[in-house]
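Chain by chain, the residues:
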Amino acid sequence: MSTANFVIVLMLGLMCTASQSMRFDLQSGTTKCISEEIKNNAMTLGKYSVDNPHDGSPIPETHKLTVRVSSPQGNNYHYADHVDSGTFAFTAAETGDYTTCFWAPDHKPSTTVTVDFDWRTGVAAKDWSKVAKKGQIEVMELELKKLYDTVASIHDEMFYLREREEEMQQLNRATNSKMATFSFLSLVVCLSVAGLQLWHLKTFFERKKLL
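- The name recorded for the chain in an unreviewed UniProt entry is Transmembrane emp24 domain-containing protein p24delta7, from Ziziphus jujuba.
- Looking at the chain in UniProt, the text filed under Subcellular location (unreviewed entry) is "Membrane".
- Comment text from UniProt for the chain, heading Sequence similarities (unreviewed entry), reads "Belongs to the EMP24/GP25L family."

Have a look at this one:
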């Protein structure tokens, strides 16, 4: 395998984890939400469209959707009402799970809407065809630019995972400390109760002149 082909295969393997492409059915009157964990300052791009049940004719009103994209804090990044297709693109302002919700209005009789949804983040969200066209660069150089961005993304991801690991370790240490304190207090309470029981029994036997 040549170096160029190896780079292409490596790029495809690394970029697969940075995108979601799916097709799903949505019953009228129901909602489907999809979440994606996105890091701060990461770019994201989404495209959605409704399948036309009647080729060659306009999409019926029963197949129009309401689409909303929100941040972990509930901020709206995209909202579209009564649409059959659309796109959204933004740079995440915070790290966390971003949610895209599709809602199909209720109709009688009930209908099934088929939705195609493609959601890309990080390196996969970049339009590399425009980069190549704008810079007039060779294929190999373009693949190297993709590889560089992918490595940078992996580097950022490693630091992010390290921070999450440190947070989990701090949580474990805090939990262990609380458990140790709770165990010590439980031991003190048990010893105190045992001491009170012994004192009560001793007092009882002394009153009965059994001791």
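So, next bit.
What about the overall build of the chain?
At step 1: When its secondary structure is counted, the chain shows 3 helices and 8 strands.
At step 2: Ordered by position in the sequence, the α and β elements of the chain form the string α-β-β-β-β-β-β-β-β-α-α.
At step 3: The proportion of buried residues among the 211 residues of the chain is 28%.
At step 4: Partitioning the intrachain contacts of the chain with sequence separation of at least 6 by distance along the chain shows that 72% fall at a separation of at least 24.
At step 5: Surface exposure of the chain reaches about 14300 Å², of which carbon and sulfur atoms provide 58%.

Considerations on the nonpolar core
At step 1: Core analysis: the biggest nonpolar cluster contains 22 residues, and Tyr-48, Leu-65, Phe-88, Phe-102, Phe-117 and Trp-119 have the highest contact counts within it.
At step 2: Elements that contribute at least two residues to this core include exactly β1 (19-27), β2 (31-38), β3 (43-50), β4 (65-70), β5 (76-83), β6 (85-91), β7 (96-103) and β8 (112-121).
At step 3: It is β8 that provides the largest number of residues to this core, a total of 4 residues.

Regarding the side chain of Lys-64
At step 1: Tracing the backbone shows Lys-64 in the loop between β3 and β4.
At step 2: In terms of polar contacts, Lys-64 uses its side chain to reach the side chain of Asp-84, at 2.8 Å.
At step 3: Discounting chain neighbours no more than four positions away, the residues touching Lys-64 are Ile-59, His-82, Val-83, Asp-84 and Pro-105.

Looking at the sheet that holds β5
Strand pairing in a sheet takes place through backbone hydrogen bonds and is either antiparallel or parallel in direction.
At step 1: Pairing is antiparallel in the open sheet, where 4 strands are placed in the order β2-β7-β4-β5. Two strands lie at the open edges of the sheet, namely β2 and β5, each paired on one side alone. Across the sheet, the axes of successive neighbouring strands diverge by a mean angle of 10 degrees, strand direction being ignored.
At step 2: Bridge count between β2 and β7: 8 bridges; the pairing is antiparallel. If you follow Glu-37 over to β7, its bridge partner there is Asp-97.

Definitions and cut-offs
- Residue indices begin from 1 for each chain and proceed along its sequence in written order.
- Side-chain atom pairs in this predicted model are given and counted only at pLDDT of 80 or more, local residue features only at pLDDT of at least 70, and totals for whole chains, interfaces and linings cover all residues.
- The side-chain values count all of the structure's non-hydrogen atoms but skip hydrogen atoms and water molecules.
- UniProt positions are given in the numbering used here, feature names are shortened, and annotations may be inferred rather than shown by experiment.
- Helix and strand definitions follow DSSP, with helices as H or I runs of at least four residues and strands as E runs of at least two, each counted in order from the N terminus.
- The classification of residues rests on relative accessible area computed with a 1.4 Å probe and restricted to protein chains. Under 20% of the type maximum is buried, over 50% is exposed, and intermediate values are partly exposed.
- By definition, residues are in contact when any of their heavy atoms lie within 4.5 Å.
- The protein chains shown are the only cover counted for residues, whose accessible areas, like all others here, come from Shrake-Rupley with a 1.4 Å probe.
- Buried Ala, Val, Leu, Ile, Met, Phe, Trp, Tyr and Cys residues that are joined via side-chain atoms within 4.5 Å together make up what is termed a nonpolar core.
- Any pair of N or O atoms that falls within 3.5 Å is considered a polar contact. Within protein, one atom must be able to donate a hydrogen and the other to accept it, and sequence-neighbouring residues count only if both atoms are side-chain atoms.
- DSSP bridges decide pairing: two strands pair if at least two such bridges lie between them.
- Here, axes are lines fitted to C-alpha atoms. For helices the fit covers the stretch in contact, and angles between N-to-C directions go from 0 to 180 degrees.

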